[in-house]
Amino acid sequence: MIFEHEWRGILKRSRRCPTFTEQMCVAWDGEPLSNLTKGKNGQWDEQVVYEPKMGFHAHITPGSWHQYVRLEDALGGICNRMLPVLVHKSKSLPYNHRPRWQHDPRLKDAYRWASEKRRVITFSADAGRRYDQIRATIDNKLEGLPEHLSCYFERAAEQVHRVAAVLTLSEKKTKINKKALEAAWAFVAFSMTSVERLVTEASQGTKVKSLREAIREVLERNGGEASSTLMLRSLQARTNAAGLREEVDQMDDVEYFKGKSPAPGPKPIMYRLIPDGAKAGKPQRTEIPSQRAPLKLVAQDLASVAQKRPAPKKAVPSEPVPEKASAANPFAALL
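Residues numbered from 1 in each chain as written. Predicted model: local features only at pLDDT ≥ 70, side-chain atom pairs only at ≥ 80, totals over all residues. Heavy atoms only, no water.

*Asks:* Where do I start with the overall build of the protein in this structure?
*Replies:* Along its length, the protein carries 13 helices and seven strands. Taking all 335 residues of the protein together, 26% fall into the buried category. For the protein, long-range pairs separated by at least 24 residues make up 62% of all intrachain contacts whose partners lie at least 6 apart in sequence. Carbon and sulfur atoms make up 55% of the accessible area of the protein, which totals about 24,800 Å². (Helix = DSSP H or I, 4+ residues; strand = E, 2+ residues; numbered from the N terminus. Buried < 20%, exposed > 50% of the residue type's maximum accessible area, 1.4 Å probe, protein only. Contact = heavy atoms within 4.5 Å. Areas by Shrake-Rupley, 256 points an atom, 1.4 Å probe, with all protein chains shown as cover.)

Written out as structure tokens, the structure is:
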């Protein structure tokens, strides 16, 4: 169990790990997780969790949601595994208010009953027919939404099934009835409305630039060329060094190479803008081995221009017009 005060902090740190969302999906799906660590003796130790069971309850403000929940992650599938719910204050409590909690042992008994052995949850006949109608409703809704919004709802029907199963187990039953299904659908539908509002407000407010747009903006601000350190500092927590190179590899107007080091040591990785389409149809050149390479490319370009230049036309000899020599120009006749 991991306890954090704000989900915002986890999302901010996760930008430094290119596999964070992928591992979250694997854990959520219950697939085995493994990690290799090298000990002091030089041997590799493997840690494996064969059947992870992940659940989380997180809080984040709408402003932080717009800043740290990226479209790239949503399109990758991590966000459709969540059920965001917009909340607001419904009442103001007096200063001297003391909350009273009444513990209900029935939920504890239901959890013990549900986990003591493997159980199979199924629909009743009328609940199964109703579930097919809900799935059709969700499919019709997805067809009319743009991809940047529909990617949040691709597991909506699956979420209805899951929530209905949890409600059924809370009553120590294995047959999902129509009442539990309708309650689950109401909760998931409210979550879908919450996401639509969050995403719509984000698009109507300050436009969040994509990573590629941000890369171009940083380079243009620095005269078309910047070091990897400056790029990562300007992009803040949106990506890391490996993720930046992978993104640039897919861009036609940006490249990276090894620059000149002002002091003995490793050469810094530099990024620069290149003319539009210069990388199209050509093998991507990820680094320049030395400073002589640009001169070689210029020489090749000049040679290709010389080869394409048409041969000069032969001059047709004309009859020279004789000119009398004078004292001012004794060679006029020869010219």
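*Asks:* Is there a simple way to explain the packing of helix α10 (residues 211-221) against helix α11 (residues 228-235) in this structure?
*Replies:* Packed helix pairs are specified by the crossing angle of their axes together with the interaxial distance, meaning the distance between the axes. The contact between α10 and α11 brings their axes to 10 Å, and the two run at 125°. Taken together, the axes of α10 and α11 lie oblique to each other. Along this stretch, α10 crosses α11, giving a crossing that reads as right-handed. On α11, the residues touching L211, A214, I215, V218, L219 and R221 of α10 are M231, S234 and L235. (Axes fitted to C-alpha atoms, helices over the stretch in contact; angles between N-to-C directions. Parallel < 35°, antiparallel > 145°, perpendicular 65-115°, else oblique. Left-handed = near helix turned anticlockwise from the far one by under 90°.)

*Asks:* It is not clear to me how the side chain of S191 should be interpreted in this structure. Could you clarify?
*Replies:* Relative to the assigned elements, S191 resides in helix α9 (residues 178-204). A distance of 2.7 Å separates a polar side-chain atom of S191 from the backbone oxygen of P84. If we skip the residues at most four places from it in the chain, S191 touches L83, P84 and V85. (Polar contact = N/O pair within 3.5 Å; in protein donor to acceptor, adjacent residues only side chain to side chain.)

*Asks:* Just to check I follow, could you spell out the packing of aromatic side chains for this structure?
*Replies:* Geometry of an aromatic ring pair is reported as the spacing of the ring centres plus the angle between the planes. Within the structure shown, the criterion is met by four aromatic pairs. The interplanar angle of 25° and the centroid separation of 4.8 Å between the aromatic rings of F123 and Y131 together place this pair among those described as stacked. What makes Y131 buried here is its relative accessible area of 11%. Where Y256 meets Y271, the ring centres are 5.5 Å apart and the plane angle is 45°; that geometry is what we call tilted. In this pair, Y256 sits in strand β6 (residues 254-258) while Y271 sits in strand β7 (residues 269-273), placing the two residues 15 residues apart along the sequence. Pair check on accessibility: Y256 and Y271 agree, each one buried. It is R119 that lies over the ring of W113; its NZ or CZ is 3.8 Å from the centre. The positively charged end of R272 is found above the aromatic ring belonging to F257, 4.1 Å away from the centroid. (Phe/Tyr/Trp six-rings, centres within 6.5 Å; stacked < 30°, edge-to-face > 60°. Lys NZ or Arg CZ within 6 Å of the ring centre and 35° of its normal.)

*Asks:* Teacher, can you tell me more about the state of the cysteines here?
*Replies:* Working definition: the covalent bond between the sulfur atoms of two cysteines is a disulfide. Applying the stated rule across the entire model yields zero disulfides. Distance from the sulfur of C151, which forms no disulfide, to the nearest cysteine sulfur (C79) is 7.0 Å. (Disulfide = S-S within 2.5 Å.)

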